[in-house]
Amino acid sequence: MSDHIVWHDHKISRTERASIKHQHPCLLWFTGLSGSGKSTIANALDVALYHEGYHTFLLDGDNVRHGLNRDLGFSNEDRVENIRRIGEVSKLFADAGLIVLSAFISPFASDRRLVRNMFPAGEFIEVFMDTPLATCEERDPKGLYRKARSGEIHDFTGIDSPYEAPAHPEITLDTSNLSVDACVENLLCYLKERDLLKPGGDA
Ligand SMILES: Nc1ncnc2c1ncn2[C@@H]1O[C@H](COP(=O)(O)OS(=O)(=O)O)[C@@H](OP(=O)(O)O)[C@H]1O
Ligand SMILES: Nc1ncnc2c1ncn2[C@@H]1O[C@H](COP(=O)(O)OP(=O)(O)O)[C@@H](O)[C@H]1O
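Residues numbered from 1 in each chain as written. Chains lettered and ligands numbered in written order. Predicted model: local features only at pLDDT ≥ 70, side-chain atom pairs only at ≥ 80, totals over all residues. Heavy atoms only, no water.

Where an unreviewed UniProt entry is consulted, the protein chain appears under the name Adenylyl-sulfate kinase, with the organism given as Halovibrio salipaludis. Its UniProt record, at the heading Function (unreviewed entry), says of the protein chain: "Catalyzes the synthesis of activated sulfate." As stated in UniProt under Pathway (unreviewed entry), the record for the protein chain gives "Sulfur metabolism; hydrogen sulfide biosynthesis; sulfite from sulfate: step 2/3." (UniProt positions renumbered as here; feature names shortened; annotations may be inferred.)

**Brief notes about the overall build of the protein chain**
If you tally the helices and strands in the protein chain, you get eight helices and five strands. Secondary structure elements of the protein chain, listed N to C terminal, follow the sequence α-β-α-β-α-α-β-α-β-α-α-β-α. Its C-alpha radius of gyration of 17 Å places the protein chain within 12% of the 17 Å reference for a compact globule of 203 residues. Seen through its C-alpha atoms, the protein chain measures out along the principal axes to roughly 55 × 45 × 30 Å. Look at the contacts in the protein chain between residues 6 or more apart in sequence, and 77% of them connect residues 24 or more apart. When the accessible surface of the protein chain is split by element, carbon and sulfur atoms take 53% of a total near 11000 Å². (Helix = DSSP H or I, 4+ residues; strand = E, 2+ residues; numbered from the N terminus. Rg over C-alpha atoms; globule rule 2.2 N^0.38 Å. Contact = heavy atoms within 4.5 Å. Areas by Shrake-Rupley, 256 points an atom, 1.4 Å probe, with all protein chains shown as cover.)

**Quick word on the layout of surface pockets**
Taken as a whole, the largest pocket spans an internal volume of roughly 720 Å³. The wall of the largest pocket is formed by 34 residues, among which Ser34, Lys38, Asp62, Ile105 and Lys142 lie closest to the centre. Among the secondary structure elements, those contributing two or more residues to the lining of the largest pocket are helix H2 (38-51), helix H3 (61-66) and helix H4 (76-95). Split by residue class, the lining of the largest pocket holds 13 nonpolar, 13 polar and eight charged. For the second largest pocket, the calculated volume is near 400 Å³. (1 Å grid on protein atoms, 1.4 Å probe; cavity = no way out; pocket = protein on both sides within 12 Å on 5 of 7 lines; lining within 4 Å. Points joined across faces, edges and corners; volume = space filled by probe spheres on them. Nonpolar A, V, L, I, M, F, W, Y, C, P; charged D, E, K, R; others polar.)

**A short note on the side chain of Ser34**
For Ser34, the location among the structural elements is in the loop between strand E1 (26-32) and H2. In this structure Ser34 comes out as buried when scored by relative accessible area, which is 12%. (Buried < 20%, exposed > 50% of the residue type's maximum accessible area, 1.4 Å probe, protein only.)

**Here's the deal with the site of ligand 1**
Neighbouring residues of ligand 1: 19 residues in total, closest Ser34, Arg65, Asn82, Ser106 and Asp155. At a separation of 2.8 Å, an oxygen atom of ligand 1 approaches a polar backbone atom of Ser106. In the model, an oxygen atom of ligand 1 is placed 2.8 Å from a nitrogen or oxygen of the Lys142 side chain. Applying the majority rule of atoms within 2 Å of the grid points places ligand 1 in the largest pocket. Elements with a minimum of two residues in the shell around ligand 1: H3 and H4. (Near = heavy atom within 4 Å. Polar contact = N/O pair within 3.5 Å; in protein donor to acceptor, adjacent residues only side chain to side chain. Sits in = over half its atoms within 2 Å of the grid points.)

Next up, the structure:
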């Protein structure tokens, strides 16, 4: 970064932006294997929050890789940069007062920690989609596991690229034994119990 770039504070704080929306900004970070249900559950929660009148924004792996991160692949280095950029974008949306839902494999603990550290305490909620690899592979919604097993694609998470499970996630969901509705209920309870769906003080 150049020495000639100066940070400008905004006249309106993130808390002010959020309070006009009657909510508290936060980031729900969905992490897990391909097919573990990140996208399905994040979308279902997004719909539930929208219908309850909350202002949200959903960032999803495949979509972000079509635009902002179209220059990145799946090497370890590119995944690190992918998550760094998404963390920064998630923070911008939270600074705009939104409840942000981000659904990315985000296989490396250090990258998730980097994003956690961008947020005030309590506003980064790590949601570990702890669905067993066998279930994800059986679902194989995009046929990618089959291609990874046959060697047609390489560096596929869970097959020939690592996934580091979170040690202390705020929420753990295993969609092999929880329905979509049960997962959403679980997430809504968490947000309500911590007053994250009410306007909050300056973090
Ligand atoms: N090699 C390899 N490994 C893992 N995933 C792959 C790969 N190639 C393509 N895909 C598709 O890309 C989606 C994952 O993108 P992410 O940005 O979430 O990945 S990461 O966080 O940078 O690891 C992932 O989407 P989800 O299935 O929704 O997780 C896959 O559809
Ligand atoms: N209880 C459940 N929760 C989430 N997804 C489920 C569940 N049961 C079956 N599925 C299916 O599993 C697949 C999960 O895929 P997806 O949400 O795209 O996962 P990811 O975003 O982690 O790759 C979808 O086809 C979905 O319909």
